[in-house]
Amino acid sequence: MDKHEGRDAGTIRLDDPWYDALAVGWGEGGEASPPPPVPDGRPAPGASEIYLEVQRSAAFQEVRSRYRRFVVPATAGFFLWYVAYVVAATAAPGVMARPVAGAVNVAMLAGLGQFLSTFLLTWAYARHARLRRDRAALDLRWTVFEQERGQERNRARGTGR
């Protein structure tokens, strides 16, 4: 992050290596010029149209659906497990204080179980993303990249570069 000098000293600009360019019309700065027409006379799709088209695609909807099918139940389950631990600690201190082995009691095991379940959930999320979503998301990204690249080529041809 870099802070601006001068008049806009309070604003912060993020330097993100994955951030290639602003979408057409969503800008920091001047007005975006409309894309030049393609050979058949229709205007070329802008970046926002490309992203909206991808968002409406069946492949994108499938990636989002797979994400939700994992995240919603996992979040609900983990939240219930956490709330059960807190409620048991406050409502049943006698049960939580019951020794299991030496100085280790039920509360300590449940607390360690919170850490273990966090790591297991993180592992399961990463595995699910790798096996069920990453390939499809990468394919969508390449689709968008190729469409934007084709649009830039058409613009370059239209301006006579």
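To start, this report covers the structure provided alongside it.

The rules behind these values
Residues numbered from 1 in each chain as written. Predicted model: local features only at pLDDT ≥ 70, side-chain atom pairs only at ≥ 80, totals over all residues. Heavy atoms only, no water. Buried < 20%, exposed > 50% of the residue type's maximum accessible area, 1.4 Å probe, protein only. Helix = DSSP H or I, 4+ residues; strand = E, 2+ residues; numbered from the N terminus. Arc of directions from axis to C-beta. Core = buried A, V, L, I, M, F, W, Y, C linked by side-chain atoms within 4.5 Å. Contact = heavy atoms within 4.5 Å. Axes fitted to C-alpha atoms, helices over the stretch in contact; angles between N-to-C directions. Parallel < 35°, antiparallel > 145°, perpendicular 65-115°, else oblique. Nonpolar A, V, L, I, M, F, W, Y, C, P; charged D, E, K, R; others polar. Salt bridge = Lys/Arg side-chain N within 4 Å of Asp/Glu carboxyl O.

### What to know about helix α1 (residues 47-56)
Move 1: Within α1, the full set of buried residues consists of A47, S48, I50 and V54. Angularly, the buried residues of α1 cover 160 degrees about the axis, an arc narrow enough to put them on a single face.

### A word on the nonpolar core
Move 1: Among the nonpolar cores identified, the biggest contains 5 residues, and these are I50, V54, V63, L140 and V144.
Move 2: Dropping the residues within four chain positions of it, L140 is found in contact with V54, S57, A59, F60 and V63.

### As for the packing of α1 against helix α2 (residues 58-91)
Move 1: Where α1 contacts α2, the axes come no closer than 4 Å and their chain directions differ by 60 degrees. As judged from the angle between their axes, α1 and α2 are oblique. Contacts between α1 and α2 involve V54, Q55 and R56 from the former and A58, F60 and Q61 from the latter.
Move 2: Per-class residue counts for the contact of α1 with α2 are 3 nonpolar, 2 polar and 1 charged.

### Concerning the pattern of salt bridges
Move 1: Taken as a whole and assessed by the stated rule, the structure comprises 2 salt bridges.
Move 2: E62 is the salt-bridge partner of R66, the closest N and O atoms lying 3.0 Å from each other. On the criterion of helical spacing, the pair formed by R66 and E62 is a turn pair, its members being 4 residues apart in helix α2.
Move 3: Since its relative accessible area comes to 32%, E62 is described here as partly exposed.

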